Amino acid sequence: WVPYTSFFEQGPALSGSSNADTAAVPARVPGSVQQSLLEAGVIPNWNVGMNSRLCEWVENRHWVLEARIPDEWVESGKQTRLNCLGLDYSGWVYVNDRLAGEFRGTHIPHVFDLSCHLRPGSNTLSIIFDCPPRWLGVSGFTSRIRDWKPRFNYTWDWTVRLVQTGVWDSIALEVSDGLELCDVRCTTAFDPAAGLGKIRLKARVPSSRTGLRAAVTLEKEGRVIRRAEYPAGRIANGLTWSGLHVEPWWPNLSGPPNAAPALYTLRVVLLTAEGAVEDQVERRVGFRQIAWSPCEKAPEGADFWLCSVNGTPIFLRGVNWTPIRPNFADVTDADYRLRI
């Protein structure tokens with residue numbers, strides 16, 4: 001669509017409108033707008049000759065991704081969320097012509113509550129992508145960049161300008177009765193001198209239901225390290241376990257010879273007062289201490305460059321990874337596995 005003209009349309013669907021700048025085409029999710037247009041024959045292959053210049057108009061339009069929500073997915077009295085792990089880059093989410101939320105940022109998840117916008121049937125979901133930032137190239141004024149969108153899309157020595165728009169990661173419609181664990185976060189630490197670990201756990205829990213409890217278990221390969229039950233509100237305020245007899249985690253090729261990876265399972269189960277399981281979340285965690293120190297004879301105020309894990313200096317090594325294609329929304333797990 002010519003920017004903002006879609007907002008003047010009324011009706012259950014935009015895909016059938018004759019006012020759109022291009023006719024509707026099928027689209028995969030995840031997937032980029034550019035790939036969908038290429039497969040539909042609207043734009044040429046940008047990898048051939050100077051064709052990329054014939055594709056640059058795409059970034060100067062609004063693009064609408066539209067779908068019907070199956071009636072059987074809509075449950076009265078339940079909370080319905082749209083959980084998007086990767087939207088590139090900014091725009092709006094509409095349900096039945098009603099604004100459900102806005103988004104901005106390629107690398108952060110966006111969650112939209114659709115509950116109050118849904119009807120018993122015939123619901124249309126629309127994600128409208130705004131025009132991306134005009135210039136985020138790798139040359140010039142790097143310190144002024146404030147937009148969290150991949151900059152290589154704007155041309156580099158290995159790729160043409162193809163400023164991607166679309167859904168690049170998973171997207172899901174989640175239906176919940178509200179009795180769930182949300183925003184579960186755990187952090188760990190390790191004291192090499194004492195050989196003891198510590199873990200801190202925090203999560204959002206339902207506040208509208210009394211008597212809820214949380215069973216927390218730390219185990220390794222079926223062996224329970226610690227287990228306890230608490231009122232669910234204790235998890236919401238933050239729970240810390242100290243003095244854990246655990247093995248330290250080490251980077252690959254470090255630590256004791258032939259040592260197996262020291263990974264543990266942290267399990268949190270939300271229980272009713274009667275003991276019924278309402279929700280369960282698991283995390284794989286390791287316990288380690290990471291510290292940084294200055295190089296020998298480094299001048300005062302120099303950055304710390306030496307990394308130590310569990311008190312042992314570690315030589316950091318790695319490689320550069322160049323994205324496989326500028327339209328990374330269309331790269332599959334198989335593509336990554338083949339090259340890695």
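Analysis parameters
Residues numbered from 1 in each chain as written. Predicted model: local features only at pLDDT ≥ 70, side-chain atom pairs only at ≥ 80, totals over all residues. Heavy atoms only, no water. Helix = DSSP H or I, 4+ residues; strand = E, 2+ residues; numbered from the N terminus. Polar contact = N/O pair within 3.5 Å; in protein donor to acceptor, adjacent residues only side chain to side chain. Contact = heavy atoms within 4.5 Å. Pairing = 2+ DSSP bridges. Axes fitted to C-alpha atoms, helices over the stretch in contact; angles between N-to-C directions. Phe/Tyr/Trp six-rings, centres within 6.5 Å; stacked < 30°, edge-to-face > 60°. Buried < 20%, exposed > 50% of the residue type's maximum accessible area, 1.4 Å probe, protein only. Lys NZ or Arg CZ within 6 Å of the ring centre and 35° of its normal. Salt bridge = Lys/Arg side-chain N within 4 Å of Asp/Glu carboxyl O. Core = buried A, V, L, I, M, F, W, Y, C linked by side-chain atoms within 4.5 Å.

Novice: Whenever I open this one, the side chain of Thr106 confuses me. Can you help?
Specialist: By the secondary structure assignment, Thr106 is in the loop between strand 6 (98–104) and strand 7 (110–113). A polar side-chain atom of Thr106 sits 2.7 Å from a polar atom in the side chain of Asp88. Beyond its immediate sequence surroundings of up to four residues, Thr106 is in contact with Gly86, Leu87, Asp88, Tyr89, Trp148, Lys149, Pro150, Trp168 and Phe328.

Novice: Would you mind going over the side chain of Thr265 with me for this structure?
Specialist: Mapping Thr265 onto the fold places it in strand 18 (residues 264–271). Residue contacts for Thr265: discarding those within four places in its chain leaves Thr217, Leu218, Glu219, Glu282, Arg283 and Arg284.

Novice: Please explain the sheet that holds strand 7 as it appears in this structure.
Specialist: The pairing of strands in a sheet happens through backbone hydrogen bonds and is either parallel or antiparallel. On the basis of which strands lie adjacent, the open sheet formed by three strands has the order 7-3-12 and antiparallel pairing. The sheet terminates laterally at strand 7 and strand 12 (171–176), the two strands that pair on one side only. Pairwise comparison of adjacent strand axes, ignoring direction, gives a mean angle of 20° for this sheet. Pairing analysis gives six bridges linking strand 3 (residues 79–84) to strand 12, with the strands arranged antiparallel. Along strand 12, the bridge assignment pairs Asn83 with Ala172.

Novice: Would you mind showing me how to read the packing of aromatic side chains here?
Specialist: Pairs of aromatic rings are described using the distance from one ring centre to the other and the angle between the two planes. A complete count under the given rule lists 14 aromatic pairs for this structure. Ring geometry for Phe7 versus Tyr94: centroids 5.9 Å apart, planes at 50°, classification tilted. Note that Phe7 is positioned in the segment before strand 1 (31–32) and Tyr94 in strand 5 (residues 90–95), a separation of 87 residues in sequence. Assessed through its relative accessible area of 29%, Phe7 is described here as partly exposed. Ring centres of Phe152 and Trp158 lie 5.4 Å apart, and the angle between their planes is 35°; this geometry places the pair in the tilted category. The exposure class assigned to Trp158 is partly exposed, which follows from its relative accessible area of 31%. Taken together, the ring pairs in this structure connect Phe152, Trp156, Trp158, Trp168 and Phe328 into an aromatic cluster. Lys220 extends its terminal NZ or CZ atom over the ring of Tyr264, reaching a point 5.5 Å from the ring centre.

Novice: In this structure, what is going on with the pattern of salt bridges? I would like to understand it.
Specialist: It is possible for side chains of opposite charge to pair when their charged atoms get near one another. Under the counting rule described, the total for this entry stands at 15 salt bridges. Linking Asp183 and Arg204 is a salt bridge whose minimum nitrogen-to-oxygen distance equals 2.8 Å. Residue Asp183 is located in strand 13 (residues 182–191), and its partner Arg204 is located in strand 14 (residues 196–204); the two are separated by 21 residues in the primary sequence. Among the ionic contacts, a cluster of salt bridges with common partners joins Glu59, Arg134 and Arg161.

Novice: Can you help me understand unusual backbone geometry in this one?
Specialist: Trans peptide bonds make up the majority, and among non-glycine residues the majority have a negative phi. Following Val29, the chain continues into Pro30 via a peptide bond in cis, with omega recorded as 0°. For Pro30, the location among the structural elements is in the segment before strand 1. The linkage connecting Asp88 with the following residue, Tyr89, adopts the cis geometry, with an omega of 20°. Residue position: Tyr89 is located in the loop between strand 4 (87–88) and strand 5.

Novice: Is there a simple way to explain the nonpolar core in this structure?
Specialist: Side chains that are nonpolar tend, in soluble globular proteins, to be buried together. One finds Leu201, Val216, Leu218 and Phe287 to be the most contacted residues of the largest nonpolar core, which totals 29 residues. Of all the secondary-structure elements, those providing two or more residues to this core are strand 13, strand 14, strand 15 (213–220), strand 16 (223–231), helix 2 (232–237), strand 17 (239–244), strand 18 and strand 19 (277–285). If you tally residues by element for this core, the top one is strand 18, at four residues. Sequence-distant contacts of Val216, defined by excluding residues within four places in its chain, comprise Leu201, Arg226, Arg227, Ala228, Tyr230, Ile235, Leu239, Trp241, Leu266, Arg267 and Val268. Val93, Phe112, Leu118 and Phe129 belong to the second largest nonpolar core, which has 16 residues in total.

Fair warning: the whole summary comes from geometry, so function is off the table for now.
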